[in-house]
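# Notes for the structure review
The lines below spell out each chain.
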Amino acid sequence: MKDFLQQIIYGINAGSIYALIALGYTMVYGIVKLINFAHGDILMMGAYFGLLAITVLGLPFPLAIVIAMLVCAAFGMIINKVAYKPLRNAPRISALITALGISMFLENYFVVQFGLEVRKMPEIAWLKGEVFIGGLSIPKVTFLIVGLSIACMIALQFIVRKTKVGKAMRAVSEDMQAAKLMGINVDKTISITFALGSALGGLGGVLYSVAYYQVEPYMGILPGLKAFVAAVLGGIGIIPGAMFGGFVMGIIENLTKGFISSSWSNAILFGILILVLLFKPSGIFGKNTREKV
Amino acid sequence: MLKVNDIQVYYGAIHAIKGISFEVNQGEIVTLIGANGAGKTTILHTVSGLIKPKTGNVQLFDKEISNIEAHKIVEMGMAQVPEGRRVFAKMSVQENLEMGAFSRKDKGNFDADYDMVFEKFPRLKERRKQLAGTMSGGEQQMLAMARALMSRPKILLMDEPSMGLAPILVDEIFNIIQEINKAGTTILLVEQNAHKALTIASRAYVLETGTVVLSGPANELLDNDEVKRAYLG
Ligand SMILES: Nc1ncnc2c1ncn2[C@@H]1O[C@H](COP(=O)(O)OP(=O)(O)OP(=O)(O)O)[C@@H](O)[C@H]1O
Ligand SMILES: [Mg+2]
């Protein structure tokens, strides 16, 4: 029982990061019906920017997080503008291929810039060590990761449900043309969506590198894919679904690692994707309407 | 107020509008009538800036708007009630109305406007919290009209507001259109219900496959033999 709870805690830790990243996939899909396969690389960039802010600029960790989020937001908007916006009326497969192209470009660009070496995120003194609660050991960093992730998700829900720009995002995602007829600037709204999703991805990247210490150009691929599965599991385009899916993925992954075998965990996670696509393609939170991607 | 000058509109290779001109003056109700596929919706989309004409231009308040983005045209004072209502189904009635007021610069207090639309459409008031997608077709049509009014348009375009509604509701909708017009909003009305439209309009244009085949004062068209045969049954 204790082992089980311990794995659940690790799972919530990983899951909150997956949830942050899954939000980026789901928000962008919700508004432009595009799987932004470059989103995993936003995570990687967030980790690098966070690392550089700490090691090169010598900034404190909280400021590094803010910088990574801002820079990633800007990159998200740029990627939308140069790669996706010109293809808005093109067949979906073109945008999908472009997304993969952008992803490869970013990875290789970072290889050229920073090399393949795995860099270590410096340890942050006040995050070292563990807290023991009822015989369970909880890394201090887990409190930070889970706390920040949940705070961001609540903030995002507030933005989407209550603010003018959030309502515009929902209107555009339902009916782009009708939104224009309301006087909504659709391009600007889409751009803001990319910015928000990418900022969360950037935060996910910093937190991921803090949790697992390493930063390298291909680090975004696997968590990116898992977060994508999380988004599909919850119902792509549905924000609470992405959060839920993220936590489920993290928990299943760690239970597998703890009780079956580490080498099986990815197979099981991606097996979930296949099962969801076969039996409930619209995801747990989704209504069953078939969407071709 | 609104002037459309010899526009040609294409969808890829399909030549949908083959040189159409018309104008709508301050205070008028002008109606465009025509059979399915005549190009009525295409014209409204072009006027609203959703599609660009290949040649010709559109002027609003003596300013050319053919190259202005759709959302900015709304800010200039033109709103549209689109064909098929197009309310935001997953948003509440209240939120739909807020979207209607999106372009307004006078932020914050829309109470007077809510009072105005709820007075016209009392049924919306008790349903403020309801999701638009769960309302009946007639209620959704009312919401679409109320939503467009929230931008305080100087000119309102309406695309078949009576489509699919029961006769009683059709009468109600046409009464409301007249009320809106009397309160000072100019109206361009697209209709298949030619009889009703010609009864409330001051002038009309009859469209056939992308061209205007007849135009004139609405009461004259009501008596026109050709119109009677083709559109009034
Ligand atoms: N998106 C589109 N792509 C290609 N052709 C289109 C498109 N929209 C309309 N058309 C064509 O343009 C012509 C005019 O269509 P439009 O919708 O403007 O007609 P309408 O007069 O509004 O008809 P209805 O009374 O049925 O609403 C039709 O031949 C239609 O097939
Ligand atoms: Mg039409």
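Throughout this description, residue numbers start from 1 for each chain and increase along the sequence as written. Here the convention is simple: chains get letters from A, ligands get numbers from 1, in the order in which they are written. With the structure being a predicted model, the display of local features is reserved for residues of pLDDT at least 70 and the display and counting of side-chain atom pairs for 80 or more, all residues being used for whole-chain, interface and lining totals. Working from all heavy atoms in the structure, the side-chain values ignore hydrogens and water.

### A few points about the overall build of chain A
To be explicit about the condition: Where helices and strands are cited, they refer to DSSP runs of H or I of at least four residues and of E of at least two residues respectively, numbered from the N terminus. The size measure is the radius of gyration over C-alpha atoms, and the globule rule it meets is 2.2 Å times the number of residues to the 0.38 power. Relative accessibility thresholds used throughout: buried, under 20% of the residue-type maximum; exposed, over 50%; partly exposed, between the two (1.4 Å probe, protein chains only). Here, residues are in contact when the closest pair of their heavy atoms is within 4.5 Å.
In terms of helices and strands, chain A carries 11 helices and four strands. Against the compact-globule benchmark of 19 Å for 293 residues, chain A has a radius of gyration of 19 Å, which places it among compact chains. Overall, chain A is about 60 × 45 × 35 Å in size when its C-alpha atoms are taken along their principal axes. Of all 293 residues assigned to chain A, the portion counted as buried reaches 53%. Within chain A, residue pairs in contact and separated by at least 24 positions form 75% of the contacts whose partners lie at least 6 positions apart.

### Some remarks on the sheet that holds strand β9 (residues 203-208) of chain B
Residue and element names in this part refer to chain B. Which entries qualify depends on this criterion: In this scheme, strands are said to pair when DSSP sees at least two bridges between them. What counts as an axis is a line fitted to C-alpha atoms, over the stretch in contact for a helix, and the angles between N-to-C directions run from 0 to 180 degrees.
Strands sit in the order β6-β7-β8-β3-β9-β10 across an open sheet of six strands; the sheet is mixed. Every other strand in the sheet has two partners, leaving β6 (78-81) and β10 (211-217) as the edge strands with one partner each. Strand-to-strand twist in this sheet, taken as the mean axis angle between neighbours without regard to direction, amounts to 15 degrees. For strand β3 (residues 29-34) and strand β8 (residues 186-191), the ladder comprises five bridges, and the chain directions are parallel. Bridge pairing links T31 to L189 in β8. Most of the contacts of helix α6 (residues 137-149) go to β6, to which it runs at about 175 degrees, and overall it touches β6 and β7 (155-159). Along the sheet, helix α7 (residues 167-182) makes contact with β3, β7 and β8, crossing β8 at roughly 155 degrees.

### A look at the coordination of the magnesium ion (ligand 2)
How we decide: Only nitrogen, oxygen and sulfur atoms qualify as donors, provided they sit within 2.8 Å of the metal or within 3.2 Å for Na, K and Ca; with water excluded from the atoms, sites may seem incomplete.
For the magnesium ion (ligand 2), the full set of protein donor atoms is T41 of chain B (OG1) and E83 of chain B (OE), at a range of 1.8 to 2.5 Å. Of this pair, T41 of chain B sits in helix α1 (residues 40-48) while E83 of chain B sits in the loop between β6 and α3 (93-100), placing them 42 residues apart in sequence.

### Some details on the domain arrangement of chain B
Residues and elements named next belong to chain B. Heads up, the condition is: The start and end points of each domain follow an automatic or database-based domain assignment. A simple way to read buried area is as the amount of 1.4 Å-probe accessible surface that goes missing from two parts once joined, with both sides added. By salt bridge we mean one thing: a side-chain nitrogen of Lys or Arg within 4 Å of a carboxyl oxygen of Asp or Glu. Whenever two N or O atoms come within 3.5 Å, that pair is a polar contact, provided that in protein one can donate a hydrogen and the other can accept it, and provided that, for residues adjacent in sequence, both atoms are side-chain atoms. Each residue is assigned to one of three groups, with Ala, Val, Leu, Ile, Met, Phe, Trp, Tyr, Cys and Pro labelled nonpolar, Asp, Glu, Lys and Arg labelled charged, and all others, Gly among them, labelled polar.
Splitting chain B by domain gives domain 1 (2-77 + 154-232) and domain 2 (87-152). Here domain 1 and domain 2 have C-alpha centroids that lie 23 Å from each other. Between domain 1 and domain 2, the residue contacts involve 14 residues of the former and 13 residues of the latter. Both sides together, the interface formed by domain 1 and domain 2 hides about 1100 Å², and carbon and sulfur atoms give 74% of it. There are one salt bridge connecting domain 1 and domain 2. In this structure, K105 engages E75 in a salt bridge whose closest nitrogen and oxygen atoms are separated by 3.5 Å. Where domain 1 meets domain 2, there are zero residue pairs in polar contact (both at pLDDT 80 or more). Counting only elements with at least two residues in the side of domain 1 that touches domain 2, the list comes to α2 (70-76), β7 and α7. No other element matches the seven residues that α7 contributes to the side of domain 1 that touches domain 2. Here the residues of the side of domain 1 that touches domain 2 are counted per class, giving 10 nonpolar, no polar and four charged.

### Details of the nonpolar core
Within soluble globular proteins, side chains that are nonpolar generally end up buried alongside one another. Short version of the rule: To form a nonpolar core, buried Ala, Val, Leu, Ile, Met, Phe, Trp, Tyr and Cys residues must be joined to one another through side-chain atoms within 4.5 Å.
Ranked by size, the top nonpolar core spans 98 residues in total, and within it F61 and I184 of chain A carry the most contacts. Ranked by residue count, the leading element in this core is helix α1 (residues 2-32) of chain A, at 13 residues.

### Concerning unusual backbone geometry
Residues and elements named next belong to chain B. Backbone geometry at D6 places phi at a positive 50 degrees, although glycine is not the residue there. By secondary structure assignment, the location of D6 is in strand β1 (residues 2-11). With a relative accessible area of 45%, D6 lands in the partly exposed category. The phi dihedral of E160 falls on the positive side, at around 50 degrees, and the residue is not glycine. Looking at the secondary structure, you find E160 in the loop between β7 and α7. The exposure class of E160 is buried, given its relative accessible area of 5%.

### Things to note about the state of the cysteines
Residues and elements named next belong to chain A. Our working rule: Our working definition of a disulfide is a cysteine sulfur pair at a distance within 2.5 Å.
Summed over the entire model, instances satisfying the criterion amount to zero disulfides over all chains. Here C72 stays unpaired: no disulfide links it, and the sulfur of C152, its closest cysteine neighbor, is 13 Å away. Among the residues examined, C72 registers a relative accessible area of 0% and is labelled buried.

### Considering the packing of helix α5 (residues 140-162) of chain A against helix α10 (residues 239-259) of chain A
Residue and element names in this part refer to chain A. Note the threshold: For classification purposes, angles smaller than 35 degrees are called roughly parallel, those larger than 145 roughly antiparallel, those between 65 and 115 roughly perpendicular, and all remaining angles oblique. The hand of a helix crossing depends on one turn: near helix anticlockwise from the far one by less than a right angle means left-handed, and clockwise means right-handed.
Across the interface, α5 lies against α10 with an axial gap of 11 Å and an inter-helix angle of 165 degrees. Judged by the inter-axis angle, α5 sits roughly antiparallel to α10. Here α5 runs over α10; the crossing is left-handed. Of the residues in α10, those in contact with I150, M153, L156, Q157 and V160 of α5 are I239, P240, M243 and F247. Class assignment for the residues of the contact of α5 with α10 results in eight nonpolar, one polar and no charged.

### Describing the site of ligand 1
Residues and elements named next belong to chain B. For the record, the criterion: Being near a molecule or strand, for a residue, comes down to having at least one heavy atom within 4 Å of it. Note on areas: these come from Shrake-Rupley sampling with a 1.4 Å probe, and a residue is covered only by the protein chains present in the view.
Every one of the 14 residues lining ligand 1 counts as a neighbour, but K40, T41, T42, E83 and Q192 are closest to it. Contact between ligand 1 and K40: an oxygen atom at 2.7 Å from a side-chain N or O atom of the residue. E160 places a side-chain nitrogen or oxygen 3.0 Å from an oxygen atom of ligand 1. Relative to its unbound accessible area of 630 Å², ligand 1 is 62% covered by the protein chains. Of all the secondary-structure elements, those providing two or more residues to the shell around ligand 1 are β2 (14-24) and α1. The leading source of residues in the shell around ligand 1 is α1, at three residues. In terms of residue class, the shell around ligand 1 is built from five nonpolar, six polar and three charged.

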